[in-house]
Amino acid sequence: MKMSRDFDNDDRELGVDAQVGEALKNFRSNVQAWGEAEYGCPRPARTVRAMSWRVATGWALSCVVAAGSVSGAVYQRHHQRELQKIAAEQAARQQKLEAARHASTDDEDLLAKVDSDVSREVPSAMEPLAQLMSDSETE
Amino acid sequence: MAAGIVLEPMTRSAVEESAGQTTETAEEEFSRVVQAHRLQIFRFLLASTRDIDLAETLTQDCFLKAHRNWGSFRGESSAMTWLMRIAINLEKDHWRNRRMQFWRHTRTNSVDLDEASDWLPSGERTAEQQMLAKEQVGHVWKAVEKLSARQRTVFLLRYVEDQELSEIAQMTGLSEGTVKAHLSRALGKVRAQLKGRQ
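What counts and how
- Residues numbered from 1 in each chain as written.
- Chains lettered and ligands numbered in written order.
- Predicted model: local features only at pLDDT ≥ 70, side-chain atom pairs only at ≥ 80, totals over all residues.
- Heavy atoms only, no water.
- Helix = DSSP H or I, 4+ residues; strand = E, 2+ residues; numbered from the N terminus.
- Buried < 20%, exposed > 50% of the residue type's maximum accessible area, 1.4 Å probe, protein only.
- Contact = heavy atoms within 4.5 Å.
- Axes fitted to C-alpha atoms, helices over the stretch in contact; angles between N-to-C directions.
- Parallel < 35°, antiparallel > 145°, perpendicular 65-115°, else oblique.
- Nonpolar A, V, L, I, M, F, W, Y, C, P; charged D, E, K, R; others polar.
- Phe/Tyr/Trp six-rings, centres within 6.5 Å; stacked < 30°, edge-to-face > 60°.

(A) The environment of Leu 165 of chain B, seen in detail. Among the secondary structure elements, Leu 165 of chain B is positioned in helix α8 (residues 165-172). On the accessibility criterion, Leu 165 of chain B (3% relative accessible area) is buried. For the pair Leu 165 of chain B and Ser 175 of chain B, spaced 10 residues apart in sequence, the C-alpha separation works out to 9.3 Å. In contact with Leu 165 of chain B, not counting residues within four places along its chain, are Asp 10 of chain A together with Arg 158, Glu 176, Val 179, Lys 180 and Leu 183 of chain B.

Written out as structure tokens, the structure is:
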């Protein structure tokens, strides 16, 4: 087995100066001492425990609840948007109808006014004479 | 450069030669490999994970896997390189599986950085030097914690396990250039962490 060596040209090329070199030597001594101390020491068996079924069930339920909440919220939002869309469409249709109705009543009023203004039986200047004629007819 | 005891590369053919191609001797040879490298593999995994139990488990898995595949070990690299490669892949698999099994509660024994920094041979140091060394080690640990998995692996192989760049490249399956790039970035972070304390 190789024992510790001094730093060679490769190390100097890589930039191992006196300070780094000393730290690396100490580090090597540290790891070697630690490794030798721990090597072959009797130790209790490593415990690897899988998740208990309770924890697993808890996780599964939490996941289901979280997924349900998220999908519920998404559905709710989608549904609300649909309703808003339908309401907006209905309002637009109503407004259109209202406007059309309004337009037709305006036309009728105007025609009636024109009729009342224009369709006189005699011109206004002849009105007294017409009245006299009607009086004589009644007599 | 590398000084001290150097492990002779142990090849399958060498094992078979010495074993006279009998399964029993191959088993003995494998036992020798385990004895020779178990500490090093455990130490690397311990430094990499900072989890004693996990390092122990991965070390056992590493040698179990090595034992199953010992017959197919062609000896193209040293036994240490082969074992370290298995260990690195096992660690990678462990973290990948752990990410996939997020619902599983596993009690981790990840050691605190301060606790990890406590392990220092006292040697001939004064109390002050010991304190300074501990502080330095703490900063290196903090930097190591911030490294990416690949940077950490390369850094630990180089500066804890004293591996050559070519060996690290073989162990990680990276090119030497990529290993150097990772080391450079890792050292940059260590340097920044050390300067940050001043």
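(B) Seen up close, the packing of helix α7 (residues 149-159) of chain B against helix α9 (residues 176-196) of chain B. Residues and elements named next belong to chain B. Where α7 meets α9, the closest approach of the two axes is 9 Å, and the angle between their N-to-C directions is 90 degrees. In terms of orientation, α7 lies roughly perpendicular with respect to α9. Packed against α7, whose contacting residues are Arg 150, Gln 151, Val 154, Phe 155, Arg 158 and Tyr 159, the element α9 presents Val 179, His 182, Leu 183, Arg 185, Ala 186, Leu 187, Lys 189 and Val 190 at the interface. Of the residues assigned to the contact of α7 with α9, the class counts are 8 nonpolar, 2 polar and 4 charged.

(C) Representation of unusual backbone geometry in the model. All names here are of chain B. Of note in the backbone geometry, Arg 50 takes a positive phi value of approximately 55 degrees without being a glycine. Within the element layout of this structure, Arg 50 appears in the loop between α2 (23-49) and α3 (52-68). Owing to a relative accessible area of 12%, Arg 50 belongs among the buried residues under this scheme. Despite not being glycine, Asp 162 has its phi angle at roughly 55 degrees, a positive value. Structurally, Asp 162 can be placed in the loop between α7 and α8.

(D) A look at the packing of aromatic side chains. With the rule as written, the count across this model stands at 9 aromatic pairs over all chains. Here the aromatic rings of Phe 27 of chain A and Trp 141 of chain B are separated by 5.0 Å at their centres, their planes lie at 75 degrees, and the arrangement is edge-to-face. Residue Phe 27 of chain A is found in helix α2 (residues 18-38), and its partner Trp 141 of chain B is found in helix α6 (residues 127-146); the two belong to separate chains. Residues Phe 27 of chain A and Trp 141 of chain B agree in their burial class; the two are buried. An aromatic cluster is built from Phe 27 and Trp 34 of chain A together with Trp 141, Phe 155 and Tyr 159 of chain B, whose rings are joined through pairwise contacts.

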